[in-house]
Amino acid sequence: MTTTNDKSAKDVAVSIVTHGTDVAELKKAVDCIIRCPRIINVDILDNSDPDLSEEYRTVFNRPGYENVKVTHIPNHGYGAGHNVSLRKSLERNIRYHLVMNSDISWNGDVISTLCDQLDNREEIAQIMPKVYYPDGVLQLTVRRLPTPWDVFAKRFLPDFVVRRRVKRYLLHDVNHEKEINSPYLLGSFMLFRTSALRATGVFDERFFMYPEDIDITRRLHRHYVTLYYPSESIIHEHRAASRKSLRMLRIHIENMIRYFNKWGWFFDSERREMNLKLDSTVEKLKPEDIPESRG
C-alpha cells in the first residue's frame, strides 16, 4: 500500500469500456492517461468485435504502452465492464481507480492534480474536473438527483414546457467555478478512492447503461464527499447516443425505469434530502453572469 504523502508512487488504475470505438479516438485518450506517472495499468475492455480488440492490441503493442492491456469481454453493460477492472483494483489494493470514456482528452497531467486532492482530503471518495465540449462550451456534468419528471419530461416534452425545470436539474445557474459536493456526477470521468468502493460497492450491474453513474455517486455520497473540482478541466465529445438511436433510447428508458424501481419514483426521501443539501451549499449566479453551457 502507498502512503498518503508518497506522490511518486504508482497507485492509479484506469479502465475504458469500448464498443466499436474508433482506434484514433481511443489512442488519443490513452496518450492523455499515460502522461500521469502514477498510472499502474490501463485496462481497455472491449465488448464488441474480437477483431477490433485485436486491432487495439496491435496499436498498443509498442514501446510506451507497456501498462496498457486490451481484453475482449462479453457485453453485459457499461458498469459490468468497468467492474471487471475495478474488482482487480480492489484485489490488488490499488489506491485510486479512474473510470472514463474513450471520447475524453486533456492537456497536461490532470490525473495527478486530482490525485493530489484525494491524497490530502481523505473525506473525498470521488472526484471529477470541469468538463468542456470541443467547441469550448461548458458541459453541465454536476446535477441534482433526478426525479421521473426530470428524466422523461426532458426527453419527450417541448423545450418551452420543461426549460425551467431542466435548468434547475442541471444546476444551470450555479457557479461552476467553485467546488461542488454533489450526489450526481456524470460518469464520463469518475476518479474513485477504492477503499470507499470497498465499503459501498462497485457498479450495480442491473443497469446495462446510463443510470449506473447516478447510482454509484449517490451511494458514495451517503458517507463521503463526491466532488466536482473546477481547477482542472477536460474535453468530452459527449455524443448522446440515445438522442440519435431508437435502440439506445429504448435502453435508456428501460434502465431509468430500473433506477426508479430501485430508489423510488415519486417518494424518495434520500433524494429530497440530498438535493436540498446541495441547493443550500451552491452559489447561485445572476442571469447576466451565467456562462454559455449545455447538458
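Described below are features of the structure shown in this document.

1. Side note on the overall build of the protein
Each helix and strand in the protein was counted, giving 10 helices and 13 strands. A globule of 295 residues ought to have a C-alpha radius of gyration of about 19 Å, and the protein, at 19 Å, matches this closely. By principal-axis analysis of the C-alpha atoms, the protein measures approximately 55 × 45 × 35 Å. Summarising the internal contacts of the protein: among those between residues at least 6 apart in sequence, 82% fall at separations of at least 24. Carbon and sulfur atoms provide 51% of the accessible area of the protein, an area that totals close to 13700 Å².

2. A short note on the packing of helix H8 (residues 212-221) against helix H9 (residues 246-263)
With their axes 10 Å apart at the nearest point, H8 and H9 run at an angle of 25° to one another. In terms of their interaxial angle, H8 and H9 are classed as roughly parallel. Contact residues: Ile214, Asp215, Arg218 and Arg219 in H8; Met256, Tyr259, Lys262 and Trp263 in H9. In terms of residue class, the contact of H8 with H9 is made up of four nonpolar, no polar and four charged.

3. Digging into the packing of helix H1 (residues 23-33) against helix H2 (residues 50-60)
Running from N to C, H1 and H2 cross one another at 45°; their axes reach a closest spacing of 11 Å. With respect to H2, the element H1 is oriented oblique. In the crossing of H1 with H2, the sense of the turn from one axis to the other is right-handed. The segment H1 lies against H2, with Val23, Leu26, Lys27 and Val30 engaging Leu52, Glu55, Tyr56, Val59 and Phe60. Looking at the contact of H1 with H2, its residues break down into seven nonpolar, no polar and two charged.

4. Considerations on the nonpolar core
Soluble globular proteins tend to pack their nonpolar side chains together in the buried interior. Ranked by internal contacts, the top residues of the largest apolar core, which has 48 residues, are Ile33, Phe60, Met100, Trp106, Ile111, Phe189 and Leu191. It is H1 that provides the largest number of residues to this core, a total of six residues. The residues touching Phe189, leaving out its near neighbours within four places in the chain, are Leu98, Val99, Met100, Ile104, Trp106, Leu114, Ile127, Met128, Pro129 and Ile234. Core analysis: the next-biggest nonpolar cluster, separate from the first, contains 18 residues, Leu140, Tyr184, Ile214 and Tyr259 among them.

5. Some thoughts on the pairing of strand E12 (residues 225-236)
Within E12, nine of the 12 residues are buried, leaving the element largely enclosed by the surrounding structure. Across two bridges, strand E5 (residues 104-105) lies against E12 in antiparallel orientation. Looking across to E12, one finds that Ser105 is bridged to Ile235. Bridge analysis of strand E6 (residues 124-132) against E12 gives eight bridges, and the strand direction is parallel. By the bridge assignment for E12, Ile124 is matched with Val225. By the bridge criterion, two bridges tie strand E9 (residues 180-181) to E12 in an arrangement that is antiparallel. Looking at E12, one finds that Asn181 is bridged to Leu227.

6. Things to note about the environment of Pro63
For Pro63, the position within the fold is in the loop between H2 and strand E3 (68-72). On the accessibility criterion, Pro63 (72% relative accessible area) is exposed. Separated by 48 residues in the primary sequence, Pro63 and Ser15 have C-alpha atoms spaced 20 Å apart.

7. Considerations on the packing of aromatic side chains
One pass over the full model with this rule turns up eight aromatic pairs. Aromatic side chains Trp106 and Phe189 sit 5.8 Å apart centroid to centroid with 85° between the ring planes, which places their arrangement in the edge-to-face category. You can see Trp106 sitting in the loop between E5 and helix H4 (110-120) and its partner Phe189 sitting in strand E11 (residues 189-193), a full 83 residues away along the chain. Residue Trp106 is classed as buried on the basis of its relative accessible area, which comes to 4%. A network of ring pairs unites the aromatic residues Phe152, Phe207, Tyr259, Phe260 and Trp265 as a single cluster.

8. Points about the environment of Pro129
Summarising the element assignment, Pro129 is placed in strand E6. Linking Pro129 and Pro291, residues 162 residues apart in sequence, is a C-alpha distance of 17 Å. For Pro129, the residues in contact, after removing those within four places along its chain, are Val110, Leu114, Phe189, Tyr228, Tyr229, Glu232, Ser233 and Ile234.

9. Observations concerning the pairing of strand E2 (residues 39-46)
Across the eight residues of E2, seven count as buried, placing the element largely inside the fold. Sheet topology note: the strand E1 (residues 12-18)/E2 ladder contains seven bridges and is parallel. By the bridge assignment for E2, Val17 is matched with Leu45. In the sheet, E2 pairs with E3 via five bridges, with the strands oriented parallel. Counted as the bridge partner of Asp46 is His72 from E3. Traced from E2 through H2 to E3, the parallel crossover comes out right-handed.

What counts, and at which threshold
- Residues numbered from 1 in each chain as written.
- Predicted model: local features only at pLDDT ≥ 70, side-chain atom pairs only at ≥ 80, totals over all residues.
- Heavy atoms only, no water.
- Helix = DSSP H or I, 4+ residues; strand = E, 2+ residues; numbered from the N terminus.
- Rg over C-alpha atoms; globule rule 2.2 N^0.38 Å.
- Contact = heavy atoms within 4.5 Å.
- Areas by Shrake-Rupley, 256 points an atom, 1.4 Å probe, with all protein chains shown as cover.
- Axes fitted to C-alpha atoms, helices over the stretch in contact; angles between N-to-C directions.
- Parallel < 35°, antiparallel > 145°, perpendicular 65-115°, else oblique.
- Nonpolar A, V, L, I, M, F, W, Y, C, P; charged D, E, K, R; others polar.
- Left-handed = near helix turned anticlockwise from the far one by under 90°.
- Core = buried A, V, L, I, M, F, W, Y, C linked by side-chain atoms within 4.5 Å.
- Buried < 20%, exposed > 50% of the residue type's maximum accessible area, 1.4 Å probe, protein only.
- Pairing = 2+ DSSP bridges.
- Phe/Tyr/Trp six-rings, centres within 6.5 Å; stacked < 30°, edge-to-face > 60°.
- Right-handed = clockwise from strand over helix to strand, strands pointing away.

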